[in-house]
Amino acid sequence: MKKAFLIAILVLPVYLQAQINYSSPYSIFGIGDRVGTSLGRNSLIAGGGVALGSDNYLNSRNPASLFALDSQSVVFDLGVNYNYILWKSQGEQSVHHDGNLNYIGLALKPTKNWGLAFSLMPYSQSGYEVNKTTELPGDGFYYDQTFTGSGGINKASLLSSYTLFNRLSLGIGFQYYFGSQEFSEYIDPMANLTSYTIEENRYTGSIGFEYGINYQQPLGQSKLTIGGTFTSEKDLDYRSEFSIYDSDDETIDEYSRSKSDIVLPMEYSAGMAFYFRKSFVLSADYSYADWSATDTDFDGIKVNDEKKYTVGIQYKLKSRFPMRDIPVPSFFAGASYEEGYINIYGNGINSYSFTVGGELPVNKGKNYIRLAYGFKNYGTTSDGLIKVTTNSISLSFSLMDRWFIKRRFD
Amino acid sequence: MKSKGWAYRWLIWLNLVLIAFSCEDGDPDNTIGLSLLDSDTYVEMIDTLQVVTSTVQLDSTISSGDDFGYVGFVNDSISGKVFAETFFKVEWPTSSNIHDDEWVDSMVLEVNYSGFLFGDTAEVIELFVHEVAFTYELPDDGYFYSHNKISYFPDVLGSVEYDPQDSDSIIEIRMTDEFTQRVFEILEERDYTYDETTSFQDYLEGLVITTSKDEDAIIGLDFSSSSGLVLYISEPDEYSSQREISIGYSDSDEQFYHLEMDFSECPFSMLETSNEFLADESNGLCLIQPAAGIFTKVELPSLENLLMISEYGTVLSAELIIKPEIGMQSHSDFPEGLVLYEGDSDNYPVDVISGSDGYDITSYFTQDVYYNENTYYGFDVSDYIIDELSDNYVDPTRSILISIDNGEDYPTLQNLLLKGGSDPDDKPLLKIHYLTF
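Quick caveat: nothing in here was measured; it's all calculated off a predicted structure.

Colleague: Got a minute to help me understand the overall build of chain B in this structure?
Modeller: If you tally the helices and strands in chain B, you get three helices and 25 strands. Against the globule reference of 22 Å for 437 residues, chain B gives a C-alpha radius of gyration of 32 Å, more extended than a compact globule. Each principal axis of the C-alpha atoms in chain B carries an extent, and together these give about 120 × 75 × 45 Å. Within chain B, buried positions represent 51% of all 437 residues. Of all intrachain contacts in chain B linking residues separated by at least 6 positions in sequence, the fraction that spans at least 24 positions is 80%. Of the roughly 20,500 Å² of accessible surface on chain B, 45% is carried by carbon and sulfur atoms. Here chain B carries 17 positive and 87 negative side-chain charges, and the mean point of each set is 12 Å from the other.

Now the structure itself:
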């Protein structure tokens, strides 16, 4: 496990350097599309789980969730996804595909009450390619333009939680936001004339803190947990480097500037989960991001407060042969509705989604593999806007081991 | 340990999956999302820059060194009266070896017709050969000019009536018997004295091919593959055999043509008194006649205004459009191509303007066969304009000279009228596609 973990860490920079592959027209604005902060099981229940505990996976929704880890255990999480995306607008449609490394996480519990975790996941993503041909009237001269955007902001989190009185868990997370976005415009005139590229590379960095709380209340064979998180407002510093160059890679002009006029909003979330006799889990979450207080204006586009409502259900089959090591799967389903933060022409870019999936323990329950299907619809075709439909397949793994044990024979 | 090995294999497999999954495949023809984009980049067509044209005339042009000459006379409706004659020298043959019993039958001056004709194509032109009266040497700068003229004796040494429509391009001018005998005796004396130090010019300074001013055509002469003076030598034997002795032309540096221009009775009479005048001063017209040192000059006084369009911008393409005058010329008179030179402050063509690919910028001709409204010569001057603007400074002394591209090293005597002036329908245009970032 440790060797495998080390290999993954060594390969990690490769994935960080690779472009985050994403496709969404609304990612043109600002920091791009805000993506769900879901690892492991959270992605199987539409990104919910504020009140759930990190038992066999890292629940990055709440720093206080680490109470659920087994003592001296280590969980290593990793997930990938594939998306089939359809853009529709004014009778036209276009199809896009992308695949990505979703996240990577590591959680451990050195002592009975103290948990630590590290996660790396996207915070926002940009991805689009739009083409345009312009013909000058009465002239016959035309030129093509291709607008592309890629990259995004990642969030690296270092989480720590401590359990008090066996039921109350408090957590804190140190978050580092970093990443780069590249926006380019390629102008290709007709008749083999020189083409030009205008490129902006935007490098961002910011730090923040997240606070979490979780309380578990036993109810006979069942349990009720409630949880909450809070993240303060933070300035996002970024540096932009602009360059204009021609098709011979001769630089026409280049300059850079530093700004800090993007503010990431204050966020809080609240949720509850009802565990029914270790078979069923029902969860419900509400998340809120106060964009309107940031007074942020993305190139003339206003922002709305972001709200998300999520419900989820988990069901674990009972083993008919509990004495045998036969893996018992669990099934998950979730649905969410989100009021997005971008407002275009008076239209909020809202979304609804649902997910279904399953989890299978392997290797005597030390590892888990999860497969989920997700459907998401967001945007609108009103006022010439775009509706985006995404069908996705996600695959995730949780690898578990025991550290901090002095073995007689290793 | 089994659990460690199991995780190890999972992660290696997963890494391979991740590499395969890190991809993105979009729709290359996608136009959805344009309404969301806000780009400040655009291309606009600008054709309002001022283009000032004028006719300029050099004092003289180089007329030697190309194995080429002009001869004839034309009273042209555009250029006025043009008279041309060509001076040349001949040199010793490689061997003459004249025997005592040989005698000269006849002698011709052979020169090739180059194919160039200016004036009446149906004209039969009478050519005369005279002897140059004075010794002339190559000037210090190594060139003769079209204004250079050497006096010659009035006696006609040979003449021919030549029809340029004749399929035979070789012009044979029968020389007089007296001159023939004289040349024969020169060769005899050389053979007798074996003196290698004398030159043929010690006996014959030079010759000129000329014509009268009653003609109506000027033709081009090609000396490069011509034989020169050809003597036909005979032997008084029973077989009456004949041999030839060729006295070839000397170095092309000592061949030159002389031009006399009289603009007094043509639309460009101002050329008699001025070396430069605007198209607006000559009824909106400009003249090109390269051999006479006449070019159309193009200036772009407001070109620097492009530098003020935007902070970030560049010229994508630039086309110079200029129309030929139709009424005074027929389509058959239009040259196939024009070429651009960079002119200095004295209106001298310094160098051919070439593109970034190193090739000369030559014109393309568009002909409106039905209405003649859209007949024009166009030049792709994109590289020239971009270069002019590259250092954010436009040199006001730079100008463009338009000449006729005849594909040869020597200038053509053909002329062309171009429309200049400020008439909105006919004025020259500089059409620029400008990209603003």
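Colleague: When you look at the overall build of chain A in this model, what are you seeing that I'm missing?
Modeller: For chain A, the helix and strand inventory stands at one helix and 18 strands. Looking at chain A as a whole, 57% of its 410 residues qualify as buried. Of the contacts made within chain A by residues no fewer than 6 positions apart, 64% connect residues no fewer than 24 positions apart. Of the accessible surface of chain A, which amounts to about 18,200 Å², a share of 54% is contributed by carbon and sulfur atoms.

Colleague: When you look at the pattern of salt bridges in this model, what are you seeing that I'm missing?
Modeller: A side chain of one charge can pair with a side chain of the opposite charge when the charged atoms of the two come close. In the structure shown here, the tally under the stated rule is 19 salt bridges over all chains. A salt bridge links A:Arg202 to A:Glu200; its shortest N-O distance comes to 3.4 Å. Residue classification places A:Arg202 among the buried positions, given a relative accessible area of 12%. The salt bridge involving B:Arg398 is made with B:Glu388; its shortest N-O contact spans 2.1 Å. With B:Arg398 in the loop between helix H3 (382-389) and strand E23 (399-404) and B:Glu388 in helix H3, this pair connects stretches of sequence that are ten residues apart. Take B:Arg398: its relative accessible area is 22%, and that puts it in the partly exposed class. Judged by its relative accessible area of 5%, B:Glu388 falls in the buried class. By sharing partners, the salt bridges in this structure join A:Arg34, A:Glu267 and A:Glu306 into a single network.

Colleague: Explain a nonpolar patch on the surface to me, please; I cannot follow it from the model alone.
Modeller: Taken together, A:Phe118, A:Leu158, A:Ile172, A:Phe174, A:Tyr176, A:Ile207, A:Phe209, A:Tyr211, A:Phe230 and A:Tyr268 make up a surface patch of nonpolar side chains, about 890 Å² in accessible area. If you list the elements that add at least two residues to the nonpolar patch, you get strand E6 (168-189) and strand E7 (196-219) of chain A.

Colleague: Just checking my understanding: could you explain the pairing of E7(A) for this structure?
Modeller: The side chains of a regular strand alternate between the sheet's two faces. Residues and elements named next belong to chain A. Bridging between E6 and E7 involves 20 bridges; their strand directions are antiparallel. Following the sheet pairing, Ile 172 is matched in E7 by Tyr 211. The loop that links E6 with its antiparallel partner E7 comprises six residues; one of these, Ala 191, has a positive phi angle of about 55°. As judged from the ten bridges shared by E7 and strand E9 (residues 234-246), these two strands associate in the antiparallel manner. Its bridge partner being in E9, Thr 197 is matched across the sheet by Tyr 245.

Colleague: So what exactly am I meant to see when it comes to the sheet that holds strand E3 (residues 52-57) of chain B here?
Modeller: Where strands meet in a sheet, backbone hydrogen bonds hold them as pairs that are either parallel or antiparallel. Residues and elements named next belong to chain B. Pairing is antiparallel across the open sheet formed by six strands, whose spatial order is E15-E3-E17-E23-E19-E20. Strands at the two margins of the open sheet, each flanked by one partner only, are strand E15 (276-278) and strand E20 (349-352). Along the sheet, successive strands turn relative to each other by an average axial angle of 35°, direction set aside. Pairing between strand E17 (residues 294-299) and E23: three bridges, direction antiparallel.

Colleague: Before we go on, may I ask you to explain the packing of aromatic side chains in this structure?
Modeller: Each aromatic ring pair is summarised here by two numbers: the centre-to-centre distance and the angle between the ring planes. Per the counting criterion, the structure on display carries 32 aromatic pairs over all chains. Ring centres of B:Tyr136 and B:Phe144 lie 5.7 Å apart, and the angle between their planes is 75°; on these two criteria the pair is classed as edge-to-face. Here B:Tyr136 and B:Phe144 have matching classes, each one buried. One residue, A:Arg202, lies across the ring of A:Tyr238, its end atom 4.9 Å from the ring centre. The positively charged end of B:Arg190 is found above the aromatic ring belonging to B:Trp92, 4.5 Å away from the centroid.

Colleague: For this particular structure, what's the right way to read the confidence of the model for chain B?
Modeller: Residues and elements named next belong to chain B. Summing up the model confidence of chain B, the mean pLDDT is 88 and the portion of residues at 70 or higher is 92%. Here helix H1 (residues 2-21) stands out as the least confident element of chain B, with mean pLDDT 55; strand E10 (residues 207-210) is the most confident, with 97. Interface confidence for the predicted complex, given as ipTM, is 0.74, next to a pTM of 0.78.

Colleague: I'm lost on H3(B) in this one. Help?
Modeller: In an α-helix, one turn spans 3.6 residues; hence positions three or four apart end up facing the same way. Residues and elements named next belong to chain B. Of all the residues in H3, the buried ones are Ser 382, Tyr 384, Ile 385, Glu 388 and Leu 389. Down the axis of H3, the buried set is contained in an arc of 165°. They therefore lie on one face. Among the structural elements, strand E18 (313-322), strand E22 (376-380), E23 and strand E25 (429-436) are those in contact with the buried residues of H3.

Procedures and definitions
- Residues numbered from 1 in each chain as written.
- Chains lettered and ligands numbered in written order.
- Predicted model: local features only at pLDDT ≥ 70, side-chain atom pairs only at ≥ 80, totals over all residues.
- Heavy atoms only, no water.
- Helix = DSSP H or I, 4+ residues; strand = E, 2+ residues; numbered from the N terminus.
- Rg over C-alpha atoms; globule rule 2.2 N^0.38 Å.
- Buried < 20%, exposed > 50% of the residue type's maximum accessible area, 1.4 Å probe, protein only.
- Contact = heavy atoms within 4.5 Å.
- Areas by Shrake-Rupley, 256 points an atom, 1.4 Å probe, with all protein chains shown as cover.
- Lys, Arg positive; Asp, Glu negative; His and termini not counted.
- Charge placed at Lys NZ, Arg CZ, Asp CG, Glu CD.
- Salt bridge = Lys/Arg side-chain N within 4 Å of Asp/Glu carboxyl O.
- Patch = residues over 30% accessible without salt bridge, like charges linked within 9 Å, V, L, I, M, F, W, Y side chains within 5 Å.
- Pairing = 2+ DSSP bridges.
- Axes fitted to C-alpha atoms, helices over the stretch in contact; angles between N-to-C directions.
- Phe/Tyr/Trp six-rings, centres within 6.5 Å; stacked < 30°, edge-to-face > 60°.
- Lys NZ or Arg CZ within 6 Å of the ring centre and 35° of its normal.
- pLDDT = per-residue confidence, 0-100.
- Arc of directions from axis to C-beta.

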